[in-house]
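# Observations on the model geometry
The primary structure of each chain is shown beneath.
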Amino acid sequence: WIPNQQAIVAGGGGFELGSWPGYASGYRGLEIGLERRMEGRFGGRLSVSLNDAREDYSSEGRYDMFGNPTPTDTEPLVDGGPYAPLSGQMFLNARWQVDASGTVRLPWAVDLSSSVHTRQGYPFIPFVQAALGADALQVVLLPVDTYRYPAVRLVDIRGSRRLTTGRVTATV
């Protein structure tokens, strides 16, 4: 392919952007959130997310952004495969996530609070380093969703008591 010199000059020396024929990505998901404001002695929040981000390729679009048809760790080229963008050394794609928090006010000005966050582990993609001429690629050995890191679970529990002396209030 040889670029059109007139188009380069007309575009200010930039590059041409266009759609990727035969490629589409989509998000199919459901998110539910519930909240009970602090009323009386109890308040809390709950959110649940079900996510399914996918990439779709037809035979004409099964190549990476440089025209290479080899599946790599950053572009696995799997029709109907999960969309998992790379952030640093981690592929981001969790199919479910749950967050919950709550507070209860007890006698003697004592508050108990907790927060729980859990989500599916991100994909782990096995690859092999391959040198193909002048190119060095990380070629994918298995589909993106074959292995995942363990689920993440974070729990935080907090207890506090308000102490008041005159005009000064402290929380311990």
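Residues numbered from 1 in each chain as written. Predicted model: local features only at pLDDT ≥ 70, side-chain atom pairs only at ≥ 80, totals over all residues. Heavy atoms only, no water.

### Quick look at the overall build of the protein
For the record, the criterion: Helix and strand assignments come from DSSP, with helices taken as H or I runs of at least 4 residues and strands as E runs of at least 2, each series counted from the N terminus. Residue exposure (1.4 Å probe, protein chains only): buried if accessible area is under 20% of the type maximum, exposed if over 50%, otherwise partly exposed. Pairs of residues are marked as contacts when any of their non-hydrogen atoms sit within 4.5 Å. Only the protein chains shown count as cover for residues, and the accessible areas themselves come from Shrake-Rupley with a 1.4 Å probe.
Secondary structure assignment for the protein yields one helix and 13 strands. Secondary structure elements of the protein, listed N to C terminal, follow the sequence α-β-β-β-β-β-β-β-β-β-β-β-β-β. Relative to its 172 residues, the protein shows a buried fraction of 23%. Of the contacts formed within the protein by residues at least 6 apart in sequence, a portion of 58% connects residues at least 24 apart. For the protein, the exposed surface amounts to about 12,200 Å²; the carbon and sulfur share of it is 58%.

### What to know about a nonpolar patch on the surface
This is how the line gets drawn: Patches in this entry comprise residues that are over 30% relatively accessible and not in a salt bridge; like charges within 9 Å are linked, as are nonpolar side chains (Val, Leu, Ile, Met, Phe, Trp, Tyr) within 5 Å. Any carboxyl oxygen of Asp or Glu within 4 Å of a side-chain nitrogen of Lys or Arg constitutes a salt bridge here.
Judged by side-chain polarity, Met90, Leu92, Phe124, Val128, Leu141, Leu142, Tyr147 and Tyr149 come together as a nonpolar surface patch covering roughly 680 Å² of accessible area. One can find Leu141 in the loop between strand E10 (135–140) and strand E11 (147–148). With relative accessibility at 53%, the residue Leu141 sits in the exposed group.

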